[in-house]
Amino acid sequence: RKSAPNAEDIRAMKGGAPIVSLTAYTTPMAQIMDEHCDFVLVGDSVGMVMHGLTSTLAVTMEMMILHGQAVARGLRSAMMVIDMPFASYEEGPAQAFRNAARLMAETGAAAVKLEGGVEMAETIRFLVARGIPVMAHIGLTPQSVNTLGGYKVQGRDEAASRVLADAHAIADAGAFAVVLEKLPASLSDQITAEIAIPTIGIGASVGCDGQVLVVDDMLGFFTAFKPKFVKRYADLGTQAEAAIAEYAAEVRARSFPAPEHQFADQAPVGKGTAA
Ligand code: KIV
Ligand code: NA
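Residues numbered from 1 in each chain as written. Chains lettered and ligands numbered in written order. Predicted model: local features only at pLDDT ≥ 70, side-chain atom pairs only at ≥ 80, totals over all residues.

**Q** Just give me the short version of the packing of helix H4 (residues 61–74) against helix H5 (residues 93–107), but keep the residues and values in it.
**A** Where H4 meets H5, the axes come as close as 9 Å, and the angle between the chain directions of the two elements is 35°. In this structure, H4 meets H5 at a crossing whose hand is right-handed. Contacts from Met61, Met64, Ile65, Gly68, Gln69 and Ala72 of H4 reach H5 at Asn99, Arg102, Leu103, Glu106 and Thr107. Split into classes, the residues belonging to the contact of H4 with H5 amount to five nonpolar, four polar and two charged. (Axes fitted to C-alpha atoms, helices over the stretch in contact; angles between N-to-C directions. Helix = DSSP H or I, 4+ residues; strand = E, 2+ residues; numbered from the N terminus. Left-handed = near helix turned anticlockwise from the far one by under 90°. Contact = placed C-beta atoms within 7 Å. Nonpolar A, V, L, I, M, F, W, Y, C, P; charged D, E, K, R; others polar.)

**Q** Run through the site of ligand 1, naming residues and quoting values.
**A** Close to ligand 1 lie Thr23, Leu41, Gly43, Asp44, Ser45, Asp83, His137, Val179, Ile202, Val212 and Val214. For the shell around ligand 1, the class distribution of residues is five nonpolar, four polar and two charged. (Near = placed C-beta within 6 Å.)

**Q** Please set out the environment of tyrosine 247 residue by residue, giving values where relevant.
**A** By secondary structure assignment, the location of tyrosine 247 is in helix H11 (residues 236–252). Placed 98 residues apart in sequence, tyrosine 247 and glycine 149 show a C-alpha to C-alpha distance of 44 Å.

**Q** Got a sec to walk through the pairing of strand S5 (residues 134–139)? Specific residues and values, please.
**A** In terms of burial, S5 is a largely internal element, six of the six residues being buried. Because side chains alternate across S5, one face comprises the buried residues Val134, Ala136 and Ile138, and the other comprises Met135, His137 and Gly139, equally buried. Viewed along the sheet, the connection from strand S4 (residues 111–115) through helix H6 (residues 121–129) into S5 turns out right-handed. (Buried ≥ 20, exposed ≤ 12 C-beta atoms within 10 Å, placed from the backbone. Right-handed = clockwise from strand over helix to strand, strands pointing away.)

**Q** An account of the sheet that holds S4 is requested, with residue identities and associated values reported.
**A** The eight strands lie next to each other as S1-S2-S3-S4-S5-S6-S7-S8, forming a closed barrel whose pairing is parallel. Recorded for the sheet is a direction-independent mean angle of 25° between the axes of neighbouring strands. Pairing geometry for strand S6 (residues 177–181) and strand S7 (residues 199–202), over four bridges, is parallel. The partner of leucine 180 across the bridge, within S7, is glycine 201. Packed on one face of the sheet, helix H8 (residues 160–173) meets S5 and S6 and runs near 175° to S5. (Pairing = 2+ DSSP bridges.)

**Q** I'd like a description of helix H9 (residues 185–194), backed by residues and values.
**A** Those residues of H9 not exposed but buried are Leu187, Ser188, Ile191 and Thr192. The arc that holds every buried residue of H9, seen down its axis, measures 140°, which confines them to one face. In H9, the exposed residues that point more than 90 degrees away from the buried face are Ser186, Ala193 and Glu194. Buried residues along H9 sit against H8, S6 and S7. (Arc of directions from axis to C-beta.)

**Q** Now, about the environment of glutamate 194: what can you tell me, with residues and values included?
**A** Relative to the helices and strands, glutamate 194 resides in helix H9. A residue is classified by how many C-beta atoms lie within 10 Å of it, and glutamate 194, with 12 of them, is exposed. Along the sequence, glutamate 194 and alanine 167 sit 27 residues apart, while their C-alpha atoms lie 8.8 Å from each other.

**Q** I'd like a rundown of the UniProt feature "binding site: Mg(2+)" (unreviewed entry) in the protein, residues and numbers included.
**A** Residues given the UniProt feature "binding site: Mg(2+)" (unreviewed entry) here are Asp44, Asp83 and Glu115. With the annotated positions falling across 72 residues, the maximum pairwise C-alpha distance of 10.9 Å places them together in a single cluster. Here aspartate 44 is to be found in the loop between strand S2 (39–42) and helix H3 (46–49). Here glutamate 115 lies in strand S4. C-beta crowding within 10 Å serves as the criterion here: with 23 such atoms nearby, glutamate 115 is assigned to the buried category. Each residue touching glutamate 115, except ones within four places of it in the same chain, is listed here: His137, Thr141, Gln143 and Ser144. (UniProt positions renumbered as here; feature names shortened; annotations may be inferred.)

**Q** Can you break down the environment of alanine 160 residue by residue, with the values?
**A** Counting through the fold element by element, alanine 160 comes out in helix H8. Beyond its immediate chain neighbours, meaning those up to four positions away, alanine 160 contacts Gly155 and Leu187.

**Q** So what about the nonpolar core? Which residues, and what values?
**A** Membership of the largest hydrophobic core comes to 70 residues, with the highest contact counts inside it found for Val40, Val134, Ile170, Ala175 and Val178. Looking at which element gives the most residues to this core, the answer is H8, with six residues. Among all residues touching valine 134, those that are not within four sequence positions of it are Ala111, Val112, Leu114, Ile124, Leu127, Val128, Ala175 and Phe176. (Core = buried A, V, L, I, M, F, W, Y, C linked by C-beta atoms within 7 Å.)

**Q** Outline unusual backbone geometry, supporting the account with residue identities and numerical values.
**A** Omega for the peptide link from phenylalanine 256 to proline 257 comes to 0°, which places this bond in the cis form. As for its position among the elements, proline 257 is in the segment after H11. Despite not being glycine, lysine 182 has its phi angle at roughly 55°, a positive value. Despite not being glycine, arginine 254 has its phi angle at roughly 50°, a positive value. Here arginine 254 is to be found in the segment after H11. Arginine 254 sits in the exposed class, given 7 other C-beta atoms within 10 Å.

Okay, structure coming up:
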């Protein structure tokens, strides 16, 4: 693909080939996934994955902007979506517009994502009417961990009707897609069937219009805990530790650096000062 899809291209993927997404926080990781993803999410999970925070609540606009700028430098063919951090949009539409516009202007992101359903519909409508594509996020919304009572599966039993109402409210408000997090598969399938915009599942259903994972989870870099919905496609944390242990042993044994890593008095013939 030559150029990145935009929010309307993603919307048009409803019911078609599954939409592929991962989170990214840095330039090199964005470069690695660029050709494989339809959109890349600069998630506020950055606080837990990259900064050692125990929730996403302390993530700031400044953190999102710095990581958003880094990710943007690594993307050419994937769209970039950026999370609005906790307390940057909940006061009302005007606050949300100010901060969403700043995130897009300072990072080049093509859309923002924010958490919430019925209670955020008015804000989503306000942003979309003023030029800001919004991806919604319902089900388990980690910024509300303190009122949800933990990172629990949402929408079971009587709670299903509330999540359904959230899905319809954000779709009617003009969101171009919605993340469904940690919901029963049958409810996720029902939402996917009932709303006209793509559903992006994380702990939702294989029947969603697309999937997203936190990249450090699926690569095995982030191992503080592993949600049931994470599949580890690699074990890079273990590999990184083995490499670091080998380096430490070689330094202590004076077997690193080896001759080929050191510089001679005289440059080899025909080579510059770098050799
Ligand atoms: O912040 C994040 O990584 C997210 C995804 C899990 C959807 O919001
Ligand atoms: Na997030």
